[in-house]
Amino acid sequence: MKTRLSSLALTIVLMILIVFSIRCDSDNGVVDNGSGEDTTQDTTGNPVGNLLADHNAAADFDLIPTSYLQTIKENLKLYYGHTSHGSQIVRGLIMLEEEDTMYNRPYYQEVSDDLGSNGDTSWAPITRTYLNAHPDINMVMWSWCGGCSVTDEAGINIYLAKMSELEQAYPGVVFIYMTGHLDGGGVDGALYTSNNRIRDYCDSTDRILFDFADIESYDPDGTYYPDEADSCGWCYEWCDENDCADCASCAHSHCFNCYQKGKAFWWLLARIYGWDGN
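Before going into details, it helps to say that this report is about the structure given with it. In this text, all values refer to a predicted model and were calculated from it rather than measured experimentally.

1. Examining the overall build of the protein chain
Consideration 1: The helix and strand inventory of the protein chain stands at 10 helices and eight strands.
Consideration 2: Among the 278 residues that make up the protein chain, the fraction classed as buried is 47%.
Consideration 3: A sequence separation of at least 24 residues applies to 75% of the contacts in the protein chain between residues at least 6 apart.
Consideration 4: Surface exposure of the protein chain reaches about 13,000 Å², of which carbon and sulfur atoms provide 50%.

Quick look at the structure:
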């Protein structure tokens, strides 16, 4: 009798372990990419892997196949939290739409808030509340204002951890990380360190990053401006010598800065929706 009970108990334990193992393997949609790292999924449930939208993405905007534009507009449901600096991406999208209706903006819901500073996490429960009420949302992006410049390593780690928690809680949603805008501090500044920490994390864990600062750091010729600020001084010089799209306003900056960010964002969306970038 004892032997039969022991066998039954062992069987139950094994069944629990198998169920738990299956749950861990598939928990929250995390995909094993063969490297032991977590891989973000795209809107179709396929692994996206590491994606970086920087100044090179803006340069490759014209390579985007038009077929992906329609796919994006038919499927994208973006929740975007930002204040003034983050509006630069939206302004860039508007500028591109005004140039060519082919780039009519996809659906996005804006919320007037940002990532704050010093480990502020108020944006995380706001995101959860909205996603719970709007299950059709399949992409989330939050922008920094000036907070990244004054947030220490511990604060950046909190930001990264909260983003990761949201990814695990909402496996059907693509989460886009972001760097903070330039502040003139250069390579020795606190912002440079914080931005590099975000970049390193996204690169090492296969996350998706919109590199706000990098786009501001390079002109279309590839000239690097490490000491630039969000006003984009090089934009004025560039547009004095080249044709540039105009706009009513670009918060804190030059219209060309917004324009470049709009291009980089379209590039990122196309990559998320399956374009190989070639």
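2. Details of the sheet that holds strand β3 (residues 51-53)
Consideration 1: Strands sit in the order β3-β8-β7-β6-β4-β5 across an open sheet of six strands; the sheet is parallel. The sheet is open, and its two borders are formed by β3 and β5 (107-112), each paired with just one other strand. Each adjacent strand pair in this sheet contributes to an overall mean axis angle of 20 degrees, direction not counted.
Consideration 2: Where β3 and strand β8 (residues 208-210) come together, three bridges link them in parallel fashion.

3. Structural notes on the packing of aromatic side chains
Consideration 1: Throughout the structure, instances matching the rule amount to 17 aromatic pairs.
Consideration 2: Over the ring of F212 we find K261; its NZ or CZ atom is 3.4 Å from the centre of that ring.

4. A word on the side chain of K263
Consideration 1: By the secondary structure assignment, K263 is in helix α10 (residues 255-272).
Consideration 2: The residues touching K263, leaving out its near neighbours within four places in the chain, are A57, A58, F61 and L96.

5. A closer look at the pairing of strand β4 (residues 77-82)
Consideration 1: The element β4 is extensively covered by neighbouring structure, given that five of its six residues are classed as buried.
Consideration 2: Across six bridges, the pairing between β4 and β5 is parallel. Across the sheet, the residue bridging to Y79 is Q109, located in β5.
Consideration 3: This β-α-β element, β4 to helix α4 (residues 87-99) to β5, shows right-handed connectivity.
Consideration 4: Of the strand pairs in this sheet, β4 and strand β6 (residues 139-142) are connected by four bridges, and their pairing is parallel. Within β6, the residue paired with Y80 across the bridge is M141.

6. Overview of the nonpolar core
Consideration 1: M139, I176, F210, F265, W266, L268 and I272 are the most contacted members of the largest nonpolar core, which totals 50 residues.
Consideration 2: Sorting elements by how many residues they give to this core places α10 first, with 12 residues.
Consideration 3: Every residue in contact with I176, bar those within four places of it in the chain, is listed here: M139, V140, M141, W142, M163, I208, F210, F265, L268 and I272.
Consideration 4: If you look at the next biggest cluster of nonpolar residues, it comprises 26 residues, including A124, I137, I156 and Y201.

7. Some remarks on the pairing of β6
Consideration 1: Of the two faces of β6, the one lined by M139 and M141 and the one lined by V140 and W142 are each fully buried.
Consideration 2: Looking at chain direction, β6 and strand β7 (residues 174-178) are connected through three bridges and run parallel. For V140, the partnering residue across the bridge sits in β7 and is F175.
Consideration 3: What joins β6 to β7 is helix α6 (residues 153-169), and the crossover it makes is right-handed.

8. Here's the deal with unusual backbone geometry
Consideration 1: The phi dihedral of C232 falls on the positive side, at around 60 degrees, and the residue is not glycine.
Consideration 2: Considering the arrangement of structural elements, one finds C232 in the loop between α8 (212-217) and α9 (233-241).
Consideration 3: Phi is positive for H252, close to 70 degrees, though the residue is something other than glycine.
Consideration 4: Tracing the chain through its elements places H252 in the loop between α9 and α10.

9. A short note on the state of the cysteines
Consideration 1: Taken as a whole, this structure holds four disulfides when the rule is applied.
Consideration 2: Each disulfide pairs two cysteine sulfurs, and for C250 the partner residue is C258, the sulfurs being separated by 1.9 Å. One disulfide, between C250 and C258, carries an S-S torsion of 90 degrees and so falls in the right-handed class.
Consideration 3: Judged by its relative accessible area of 6%, C250 falls in the buried class.

Cut-offs applied
Residues numbered from 1 in each chain as written. Predicted model: local features only at pLDDT ≥ 70, side-chain atom pairs only at ≥ 80, totals over all residues. Heavy atoms only, no water. Helix = DSSP H or I, 4+ residues; strand = E, 2+ residues; numbered from the N terminus. Buried < 20%, exposed > 50% of the residue type's maximum accessible area, 1.4 Å probe, protein only. Contact = heavy atoms within 4.5 Å. Areas by Shrake-Rupley, 256 points an atom, 1.4 Å probe, with all protein chains shown as cover. Pairing = 2+ DSSP bridges. Axes fitted to C-alpha atoms, helices over the stretch in contact; angles between N-to-C directions. Phe/Tyr/Trp six-rings, centres within 6.5 Å; stacked < 30°, edge-to-face > 60°. Lys NZ or Arg CZ within 6 Å of the ring centre and 35° of its normal. Right-handed = clockwise from strand over helix to strand, strands pointing away. Core = buried A, V, L, I, M, F, W, Y, C linked by side-chain atoms within 4.5 Å. Disulfide = S-S within 2.5 Å.

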